[in-house]
Amino acid sequence: MEMARVIVDVPSKDTDRPFDYLIPEDLRPWIEVGSRVGVPFGHRTLQGFVVSLHPRPEMDTAKMKPIQEVLDVMPPLSPELIEVGEWMKERYACRHISALQSMLPTALKGKAERYISLAHSDMDMDSTEEADGLFALLPESELEQQIIRFVGQKGEVSLQQLSRAFPDGAATIKALIGRGRLSEFQQIKDKLQKKTMKAIELAVSSEEASTALASFPAKAQRQKEVLQYILEMEDFLPISQKDLLQTLGVTAGTVKALADKGLITLEDVEVFRDPYRGRNFTPSTPLALTQEQQVVYRSIVNKLDEREHGVFLLHGVTGSGKTEIYLQTIQRCLEQERQAIVLVPEISLTPQMVERFKARFGDRVAVMHSRLSDGERYDEWRKIREGRASVVVGARSAVFAPFDRLGLIIMDEEHETSYKQEETPKYHARDVAIHRASLTGAAVILGSATPSLESYHAAKSQAQDHFAPQLLEMPSRALGNRLPEVQIVDMREELRDGNRSMFSRSLHAAITTRLERGEQTVLLLNRRGYSTFVMCRSCGYVAGCPECDISLTYHQKSNNLRCHYCGYAAQAPEVCPDCGSEHIRYFGTGTQRVEEELAKLFPGIRVIRMDVDTTTEKGSHEKLLKQFRDKKGDVLLGTQMVAKGLDFPDVTLVGVITADSALNLPDFRAAEKTFQLLTQVAGRAGRHQLPGEVVIQSYTPEHYSIIHASSHDYLSFVKDELKHRKALHYPPYCRLILVTLSHEQLPLLVRMAENFAAAIKSESDRRGWFGSLDRFDASALDILGPVASPIPRLKNRYRFQCMIKWRGTMDAVSLVRLVAEKLQDSARDSKLQISIDVDPQMLM
DNA sequence: AGCACGCCGACT
DNA sequence: GTCGGCGTGCTC
């Protein structure tokens, strides 16, 4: 084994494949599959990952260069994670390096740094003579001698440091390297706790810059534009290089040229993150399980004991005690000397949540959430890698936790969309979890009170082409108390009866009662879909697309309504097309407005408001919840974040201001999301001794998602929703691939998007795939579009998208990738960008 | 993505 | 001529 295949850190199409390197004898003991190495690549040194090891081939080694260095004592990736990476790049059509890098903390994204040292003095005779001759002709200047002395003293010095010591020495240093007096080498350096961005600042006064601008040679047009832009932005300096490149459509080389001229400076500025502080936790012991929990527990533990892969869908109503199941199955997993991952949606990864795991498993728990600084995240990661932790609780990316004896992966609230990463690689943690577990013989528990239709349908149909989890049900609450009474209030009637407030009479009365009794209220305001859809306040009419059965999005600029799926557009109506009322308007209410109205209606009421505005600060989330728990507030008012996982004994009322706002998003999952949210938030009421009450306000109270949520009837909801999905050909009856093309020039983009769609059609025809989705027993592929994207222009680029719907066992992703790459090649100007989102969650 | 190479237009 | 901007192609 003398050769390694390495994936190098260059996220481009041409380099998206392994490169072969020789392994020097002295590095051999340190190099494994998963090692992070520094390799020479072209004219520079890059970070890369070893994906396989091979015996040295007989020939063909001429081009091969040796690995330069090994960057870690323990390989940061295991062979298992390398395999997950191979799978990800196929599954999500992403770059191999992006898949690998996404598994690691950003601290481990090393970049080459240039170093200078004195050149080797014991050269052979010929070159010594040659060099002596040269030196005789060119006596060393004062500056040259200073530089050589400086380098000599340090042994080796980074180029950055050297140029700081000799600000005007760049040319001299270059010359000394050219003459063989100094030599340059590169080494990979981790950026550890620093997250940086390139910041641009003027190096001279704006007057001087303006003067320089005037005397610019005519050919340096690009640089002129850039400098002009920087001068315009003078008051906002420093600005990010990345933004500037995007805005002006220039390359980094142009900016660098300005920096070399000394007009601007480029600096790596640290992007700061808030630290996470640990706390003390009182230990807890396993609770006695109810009959229902026992059954579920046994099924999972049997699988664990077999040490075989298996997937469970744990459908348990709110308050059924899913967390206790998690804790006890983890316990079993740990007893087997295996490790466990607990995935939690970012939004509910609160200290309260973490506390339950720390209380049971103490120091063996590592926590990974997005508010950690890169350094802290790296520390937690090392705790796992080095075996000091055997349980990790974390958001999406914790699915890559570097355990070597993984036994169990738990995904709480498995229906949450935050498990899908919206940036490349656009992976879904559920799919990664299942695939990873299948490699290691680990069990997976997908837990939810409202499972995603994909998971539920897979469990019910036991389909062979997709994962088929075993369904486990927990229909009753662990403490034996009943699910809360839910009342639906028709807000159209309120308006008809002259109540123009955002609070119905029922909700008003219910809040009054809580205030009198000293009990607490949670108010949910669903801000999703804020101001985007048009609705009639008299009859509840919502403008929908005639083709797609999806609500239209209001566009203020053009004052029209558009369908994000098929491109249909219509003039925004002045009066309701259904009832003729003038009370038609685009919809949305902010938490601030609700807070003001609460203060008006209930003088002296203490409101704790929780939304993006009040929770950005570190620890504020926790602080607000603590205030509420300590009964320093009568009402907790907030967005989605109040719906998840909160458990306060004195909350006996939950109010939903408008249930419809998520319902009217241009998203085929709108009903599902509404049902899930209402069910979640209703579960916050009456979790303990006091009985709970829920008031849902709605303009479409007859909608099945609202009706079924009010009767806590998941099964009926699923039945209704599946009917719609089947009729309109949406998941789980097919799968989707969303392809977004972007380019600076609109006509070019449109033509290329049409070419793309046509190529998909002809290529899938050729393979015999193209066909009707109406036949549910047959493989089929259909393409919709191209249409303008919901965000038609982003950062100076126009965007068009195509939606591919497909069903069957064929590899549709690779077809899409193939066609996308062909198109990119034929579009000789490389400015076309193509993004592929496999199984998209967000369609807007 | 960078970085070198090389073509080509503007200036000493 | 030659300096430097900017497009092109390659990286084991």
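The name an unreviewed UniProt entry gives chain A is Replication restart protein PriA, with Paenibacillus vortex V453 as the organism. According to the UniProt record, the Subunit (unreviewed entry) comment for chain A reads "Component of the replication restart primosome." If you open the UniProt record of chain A and go to Sequence similarities (unreviewed entry), you find "Belongs to the helicase family. PriA subfamily."

Caption draft 1: The overall build of chain A, seen in detail. Tallying secondary structure elements over chain A gives 26 helices and 34 strands in all. On C-alpha atoms alone, chain A measures out to a radius of gyration of 31 Å, which is about the 28 Å that the 2.2 N^0.38 rule sets for 844 residues. Structurally, chain A occupies a C-alpha span of about 100 × 65 × 65 Å along its principal axes. Evaluated residue by residue, chain A yields a buried proportion of 53% over its 844 residues. For chain A, restricting intrachain contacts to residue pairs at least 6 apart in sequence, the fraction spanning at least 24 positions comes to 75%. As presented, chain A carries roughly 38400 Å² of accessible surface, and 50% of it is formed by carbon and sulfur atoms. Measuring between centres, the 107 positive side-chain charges of chain A sit 2 Å from its 113 negative side-chain charges.

Caption draft 2: Spatial organisation of the protein's contact with DNA strand B. The local shell around DNA strand B consists of V10, P11, S12, H43, R44 and R114. Each atom of DNA strand B within 4 Å of the protein belongs either to a base or to sugar and phosphate, the latter forming 53%. Here a base nitrogen of DNA strand B sits 3.0 Å away from a polar atom, N or O, in the side chain of R44. Of the residues that constitute the surface near DNA strand B, the class distribution is 2 nonpolar, 2 polar and 2 charged.

Caption draft 3: Inspection of the sheet that holds strand β7 (residues 111-118) at higher detail. Taken in spatial order, the 3 strands line up as β8-β7-β9 in an open sheet, and their pairing is antiparallel. The open sheet is flanked by β8 (156-158) and β9 (182-189), the only strands paired with a single partner. Strand-to-strand twist across the sheet, computed as the mean angle between neighbouring axes with direction ignored, equals 35°. Taken together, the 8 bridges between β7 and β9 define a ladder with antiparallel strand orientation.

Caption draft 4: Broad picture of the packing of aromatic side chains. Going through the model one piece at a time under the given rule, you end up with 13 aromatic pairs. When the centroid spacing of 5.9 Å and the interplanar angle of 25° are considered together, the rings of Y704 and F717 count as stacked. Pair noted here: Y704 is in helix α23 (residues 704-710) and F717 is in helix α24 (residues 714-728), with a separation of 13 residues, a long-range link. The two residues Y704 and F717 agree in class, both being buried. Aromatic ring contacts, followed pair by pair, group Y456, F675, Y704, Y714 and F717 into a single cluster. The ring centre of W769 lies 5.1 Å from the NZ or CZ of R767, which sits over that ring. Positioned above the aromatic ring of Y730, the side-chain terminus of K805 is 4.1 Å from the ring centre.

Caption draft 5: Region of the structure containing the protein's contact with DNA strand C. Taken together, 18 residues sit near DNA strand C, with D20, G42, K63, K65 and K261 positioned nearest. Considering DNA strand C, the proportion of its atoms within 4 Å of the protein that are sugar or phosphate atoms stands at 61%. Y21 has a polar side-chain atom sitting 3.3 Å from a phosphate oxygen of DNA strand C. Residue Q223 places a side-chain N or O atom 3.4 Å away from a phosphate oxygen belonging to DNA strand C.

Caption draft 6: Structural detail: the packing of helix α8 (residues 221-232) against helix α9 (residues 241-248). It is the contact of α8 with α9, at a shortest axis distance of 11 Å, that shows an interaxial angle of 120°. As the angle between them shows, α8 and α9 are arranged oblique. α9 is crossed by α8, and the crossing has right-handed handedness. Contacts between α8 and α9 involve E225, V226, Y229 and I230 from the first element and L244, T247 and L248 from the second. Its residues assigned to classes, the contact of α8 with α9 shows 5 nonpolar, 1 polar and 1 charged.

Caption draft 7: Highlighting the domain arrangement of chain A. By the assigned domains, chain A splits into domain 1 (2-112), domain 2 (196-270), domain 3 (291-383 + 390-474), domain 4 (485-532 + 587-727) and domain 5 (735-838). Using C-alpha coordinates to define each centre, domain 2 is positioned 48 Å away from domain 3.

Caption draft 8: Seen up close, the pairing of strand β14 (residues 339-343). Among the 5 residues in β14, 5 count as buried, and that is most of the element. Of the two faces of β14, the one lined by Q339, I341 and L343 and the one lined by A340 and V342 are each fully buried. In this sheet, strand β17 (residues 406-412) lies alongside β14 in parallel orientation, the contact comprising 5 bridges. Considered in β17, the bridge of V342 is made with I410. As defined by bridge partners, β14 adjoins strand β16 (residues 391-394) across 4 bridges and the pair is classed as parallel. Each residue of the ladder has a partner; that of L343, found in β16, is G394.

Caption draft 9: A look at a nonpolar patch on the surface. A cluster of nonpolar residues, W30, V73 and M74, forms a patch on the protein surface that exposes about 330 Å² of accessible area. Counting through the fold element by element, M74 comes out in the loop between β6 (69-70) and α1 (79-91).

Caption draft 10: Up close: unusual backbone geometry. Here the bond from T424 into P425 is cis, since omega is -5°, no more than 30 degrees from zero. With respect to the secondary-structure elements, P425 resides in the loop between β17 and α15 (429-440). Going from P731 to P732, the amide bond is cis rather than trans, its omega being 10°. Mapped onto the elements of the fold, P732 is located in the loop between α24 and β31 (735-743). Unusually for a residue other than glycine, R307 sits at a positive phi of about 55°. Turning to its location among the elements, R307 is positioned in the loop between α11 (291-306) and β13 (310-316). Take R307: its relative accessible area is 43%, and that puts it in the partly exposed class. Within the chain, H729 stands out as a residue other than glycine whose phi angle is a positive 60°. Take H729: it is sitting in the loop between α24 and β31. Judged by relative accessible area, which is 12%, H729 ranks as buried.

Caption draft 11: Local environment of the confidence of the model for chain A. Of the residues in chain A, 90% reach a pLDDT of 70 or more, and the chain-wide mean stands at 86. Taken together, the stretch residues 122-137 has pLDDT below 50 and engages in 4 contacts with residues farther than four places along the chain or on a different chain. Segment residues 272-278 is flagged for pLDDT under 50; beyond a separation of four residues in sequence, or across chains, it makes 18 contacts in the model.

Caption draft 12: View of the pattern of salt bridges. Scanning the entire structure with this criterion turns up 45 salt bridges. Close ionic contact of D20 with R5 constitutes a salt bridge, the shortest N to O distance being 2.8 Å. Placement of D20 in strand β2 (residues 19-22) and of R5 in strand β1 (residues 3-8) is noted, with a sequence separation of 15 residues between them. Looking at D20, the relative accessible area reads 29%, which means it is partly exposed. Taking relative accessible area as the criterion, R5 reaches 30% and is therefore assigned partly exposed. With its nearest N and O atoms 3.5 Å apart, the salt bridge here joins R405 to D404. Exposure remark for D404: the relative accessible area of 52% places this residue in the exposed category. What emerges from the salt-bridge pattern is a single network uniting E86, K89, E90 and R817.

The rules behind these values
Residues numbered from 1 in each chain as written. Chains lettered and ligands numbered in written order. Predicted model: local features only at pLDDT ≥ 70, side-chain atom pairs only at ≥ 80, totals over all residues. Heavy atoms only, no water. UniProt positions renumbered as here; feature names shortened; annotations may be inferred. Helix = DSSP H or I, 4+ residues; strand = E, 2+ residues; numbered from the N terminus. Rg over C-alpha atoms; globule rule 2.2 N^0.38 Å. Buried < 20%, exposed > 50% of the residue type's maximum accessible area, 1.4 Å probe, protein only. Contact = heavy atoms within 4.5 Å. Areas by Shrake-Rupley, 256 points an atom, 1.4 Å probe, with all protein chains shown as cover. Lys, Arg positive; Asp, Glu negative; His and termini not counted. Charge placed at Lys NZ, Arg CZ, Asp CG, Glu CD. Near = heavy atom within 4 Å. Polar contact = N/O pair within 3.5 Å; in protein donor to acceptor, adjacent residues only side chain to side chain. Nonpolar A, V, L, I, M, F, W, Y, C, P; charged D, E, K, R; others polar. Pairing = 2+ DSSP bridges. Axes fitted to C-alpha atoms, helices over the stretch in contact; angles between N-to-C directions. Phe/Tyr/Trp six-rings, centres within 6.5 Å; stacked < 30°, edge-to-face > 60°. Lys NZ or Arg CZ within 6 Å of the ring centre and 35° of its normal. Parallel < 35°, antiparallel > 145°, perpendicular 65-115°, else oblique. Left-handed = near helix turned anticlockwise from the far one by under 90°. Domains from an automatic or database assignment. Patch = residues over 30% accessible without salt bridge, like charges linked within 9 Å, V, L, I, M, F, W, Y side chains within 5 Å. Salt bridge = Lys/Arg side-chain N within 4 Å of Asp/Glu carboxyl O. pLDDT = per-residue confidence, 0-100.

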